[in-house]
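Okay, here's what each chain looks like letter by letter:
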Amino acid sequence: MSDKKSENLAKIYCSSCHLFPSPELLDKETWAKSVLPQMAFRMGFKEHRRLSDFGQEDALAILSSIPAQQMVSDGDWKLITEYYVSKGPDALSIPIKNVDDTLHLFRTLALSSIKLPFITLLKYDSGHQALYVGTRLGMLYKTNHTQKILDSTQLPSTPADLKIRANDMAVGLMGRMDPNDQVKGKLIQLSDNMKEQRQMLDSLKRPVFFEQADFDKDGIDDFVVCNFGNYTGGLIVYKGKPNGKFEKFVLYPLAGARKVFLNDFNNDGFVDVMALMAQGDEKLSIFYNHGKMDFNEKIILRFPPVYGSNYFETADFNGDGYLDILTTNGDNADFSMIQKPYHAVRIFQNDQKNNFKEVWTHAMPGVSQAVARDFDNDGDLDIAAISFFPDYKTRPEQNFVYFENTGNLQFKASVVPETIRGRWLVMEAGDYDNDNDIDIFLGAFNFNEVGNEVLFGRRQFNSDAVLILKNTLY
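Residues numbered from 1 in each chain as written. Predicted model: local features only at pLDDT ≥ 70, side-chain atom pairs only at ≥ 80, totals over all residues. Heavy atoms only, no water.

- Going by an unreviewed UniProt entry, the protein chain carries the name VCBS repeat-containing protein and comes from Chryseosolibacter indicus.

**Some words on the overall build of the protein chain**
Piece 1. Looking only at helices and strands, the protein chain features four helices and 28 strands.
Piece 2. At 22 Å, the protein chain has a C-alpha radius of gyration in line with the 23 Å of a compact globule built from 474 residues.
Piece 3. Viewed in the frame of its principal axes, the protein chain has a C-alpha envelope of about 70 × 60 × 45 Å.
Piece 4. Buried residues in the protein chain amount to 55% of all 474 residues.
Piece 5. Within the protein chain, contacts between residues at least 6 apart in sequence are counted, and of these 52% link residues at least 24 apart.
Piece 6. Surface accessibility of the protein chain: about 20000 Å² in total, with carbon and sulfur atoms responsible for 49%.
Piece 7. Here the protein chain holds 51 positive side-chain charges and 64 negative ones, and the gap between their average locations is 6 Å. (Helix = DSSP H or I, 4+ residues; strand = E, 2+ residues; numbered from the N terminus. Rg over C-alpha atoms; globule rule 2.2 N^0.38 Å. Buried < 20%, exposed > 50% of the residue type's maximum accessible area, 1.4 Å probe, protein only. Contact = heavy atoms within 4.5 Å. Areas by Shrake-Rupley, 256 points an atom, 1.4 Å probe, with all protein chains shown as cover. Lys, Arg positive; Asp, Glu negative; His and termini not counted. Charge placed at Lys NZ, Arg CZ, Asp CG, Glu CD.)

**Description of the sheet that holds strand S22 (residues 367-373)**
Piece 1. Strand order in the open sheet made by the four strands is S22-S23-S24-S25, with antiparallel pairing throughout. Each edge of the open sheet is held by one strand with a lone partner, namely S22 and strand S25 (410-415). Strand-to-strand, the axes of this sheet are offset by a mean angle of 20°, without reference to chain direction.
Piece 2. The pairing of strand S23 (residues 382-387) with strand S24 (residues 400-407) spans four bridges and is classified as antiparallel. (Pairing = 2+ DSSP bridges. Axes fitted to C-alpha atoms, helices over the stretch in contact; angles between N-to-C directions.)

**With respect to the nonpolar core**
Piece 1. Trp77, Ile80, Tyr84, Met274, Leu284 and Ile325 are the most contacted members of the largest nonpolar core, which has 35 residues in total.
Piece 2. Where this core is concerned, the elements lending two or more residues are helix H1 (2-13), helix H2 (28-42), helix H4 (74-87), strand S15 (272-277), strand S16 (282-289) and strand S17 (295-303).
Piece 3. Once you skip the residues sitting within four places of it in the chain, Met274 turns out to touch Lys259, Val260, Phe261, Phe265, Leu284, Ser285, Ile286, Ile300, Phe312, Thr314, Ile325 and Phe356. (Core = buried A, V, L, I, M, F, W, Y, C linked by side-chain atoms within 4.5 Å.)

**Some points on the packing of aromatic side chains**
Here the distance between the centres and the angle between the planes together describe a pair of aromatic rings.
Piece 1. The full count for this structure, using the stated rule, is 22 aromatic pairs.
Piece 2. When the centroid spacing of 5.0 Å and the interplanar angle of 80° are considered together, the rings of Tyr432 and Phe441 count as edge-to-face.
Piece 3. Residue Tyr432 is classed as buried on the basis of its relative accessible area of 4%.
Piece 4. An aromatic cluster is built from Phe20, Trp31, Tyr83 and Tyr84, whose rings are joined through pairwise contacts.
Piece 5. Lying across the ring of Phe209, Lys163 places its NZ or CZ 4.2 Å from the centre. (Phe/Tyr/Trp six-rings, centres within 6.5 Å; stacked < 30°, edge-to-face > 60°. Lys NZ or Arg CZ within 6 Å of the ring centre and 35° of its normal.)

**Considerations on the sheet that holds S15**
Piece 1. Taking strand neighbours across the sheet as the criterion, the four strands line up as S14-S15-S16-S17 in an open arrangement whose pairing is antiparallel. At either margin of the open sheet sits one strand with a lone partner, and together these are strand S14 (257-263) and S17. Across the sheet, the mean angle separating the axes of adjacent strands is 20° when strand polarity is ignored.
Piece 2. Sheet topology note: the S16/S17 ladder contains eight bridges and is antiparallel. If you follow Ser285 over to S17, its bridge partner there is Ile299.

**Some words on H2**
In an α-helix, one turn spans 3.6 residues; hence positions three or four apart end up facing the same way.
Piece 1. Compared with the 21 Å implied by 1.5 Å per residue over 15 residues, the 20 Å span of H2 between its first and last C-alpha is a close match.
Piece 2. Residue Val35 marks the point of greatest curvature in H2, where the axis turns by about 40°; the proline Pro37 follows within four residues.
Piece 3. When we look at burial in H2, the residues that qualify are Thr30, Trp31, Val35, Leu36, Pro37, Gln38, Ala40 and Phe41.
Piece 4. The secondary structure elements touched by the buried residues of H2 are helix H3 (56-65) and H4.
Piece 5. The N-cap residue of H2 is Asp27: its side-chain oxygen and the backbone nitrogen of Glu29 are 3.1 Å apart.
Piece 6. Phi turns positive one or two residues past the end of H2, at Gly44, with a value near 95°. (Expected span 1.5 Å × (residues − 1). Bend = angle between axes of the 7 residues up to and from the residue. Polar contact = N/O pair within 3.5 Å; in protein donor to acceptor, adjacent residues only side chain to side chain.)

**A closer look at the environment of Gly308**
Piece 1. Within the element layout of this structure, Gly308 appears in the loop between S17 and strand S18 (309-315).
Piece 2. Other than its neighbours up to four places away in sequence, Gly308 contacts Glu282, Thr328, Asn329, Gly330 and Asp331.

**A look at the environment of Val183**
Piece 1. Of note, Val183 is situated in the loop between strand S7 (168-173) and strand S8 (185-191).
Piece 2. The partly exposed category is assigned to Val183, whose relative accessible area is 47%.
Piece 3. As a C-alpha pair, Val183 and Gly233 span 50 residues in sequence and 9.4 Å in three-dimensional space.
Piece 4. Residues contacting Val183, with those up to four places away along its chain left out, are Ser203, Leu204 and Lys205.

**Some words on H4**
Piece 1. Under the 1.5 Å per step criterion, the end-to-end length of H4 is 20 Å for 14 residues, consistent within 8% with the ideal 20 Å.
Piece 2. Those residues of H4 lying buried are Asp76, Trp77, Leu79, Ile80, Tyr83 and Tyr84. Taken end-on, H4 shows its buried residues confined to a sector of 160°, consistent with a single buried face. (Arc of directions from axis to C-beta.)

**Thoughts on the side chain of Ser368**
Piece 1. If you trace the backbone, Ser368 turns up in strand S22.
Piece 2. A distance of 3.4 Å separates the side chain of Ser368 from the backbone nitrogen of Phe388, its partner in a polar contact.
Piece 3. Apart from the residues within four sequence positions on either side, Ser368 is in contact with Asn310, Tyr311, Thr328, Ile386, Ser387, Phe388, Trp424 and Leu425.

**Re the confidence of the model for the protein chain**
Piece 1. Of the residues in the protein chain, 95% have a pLDDT of 70 or more, and the chain-wide mean is 93.
Piece 2. The low-confidence segment residues 451-457 (pLDDT under 50) makes 24 contacts with residues lying over four places distant or belonging to another chain. (pLDDT = per-residue confidence, 0-100.)

Here you go:
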């Protein structure tokens, strides 16, 4: 009776904020020592309130995000804890998925003009065959295929996203890159020659991605910003006003907004927002736009809160004219830093009504980003993926994996031995040398403290900041 009560309590309380996490998803020790104490903190247990661990600016924001009174009684929480610890495995079973083939479509070369491997942004400008490179230290470089730095500028803080516009650029600045809840992020306008900066939005909570569109058809562009934050944040639309100011509309009020894709999904003439939410309630949603800044959310995919969802793209994999979804889940920097068998690259197919079904999965420990392009120019979409938390003990070469599309949603995986030297945080693809094939750029973030990679079997890195995988097709 106690076991059944414990299970029922867990399902009630642990699905009140996110998808119910099965005990089998983590081992006993991780549940007991890390995840459950963190959940108790978020559920208002005073003995678990560790606000003294945070600075004052963060503590005030965090305090506003947790309940004043604990959400569950001491006795019920004890039963929930016992349920997870008793049902969780002693250790997770990690199947070895070997990738034995070496990729020969690309040759590697370092971007020699940039030295420090603290890359946070790679953005390719197809109009000028230029690559923009941003760093943790707030530097932004513009380079070309000769590896020459054409322009550079010092930004107020770490750049996370950049959009090329008609005569300038919009750049998203995190404020502080490390997990925090401070309103120090900004969106700035940067002149084409990178000499002039103008602030457009401020007081953002660690923004990591943004898009620009005219959501209400008033002739003035608006922005949708992923304020990732830490304990607090949100997915927010900033409506442009005739006087140059912006009005704030909250689409989603919690931390973890990671990436958006804009499209008119229901063909009503208004731009809708597809968004990936990470952190607690991991999900993909479409926010349908009814005009006049009136949006309603439809959840299309939902994942357990330990999955580590961190990236998505849309692409038509089966050629039916409808957008499918390519996702990655492999974030491992929070409260369960262990190898997980469910970290993977996945394809979800559109049923032509914006309902999505998982049709392809490839397990890839710590995967952090995947892009779909026709790299071999054979008329179908291949996939390139990177891992920021790979299995360094047994499969270190799988920090980059290339998937060649062989038809019918089948992919052949291969690796590039040279990529083992770096810890890749960001990836970009584009025809860097204008020879009609698509190259790949990998940005290294070799920062020993991030995610405590000692647990994964490697500590020191000696790599280039940016590695170019030069397509040799042409």
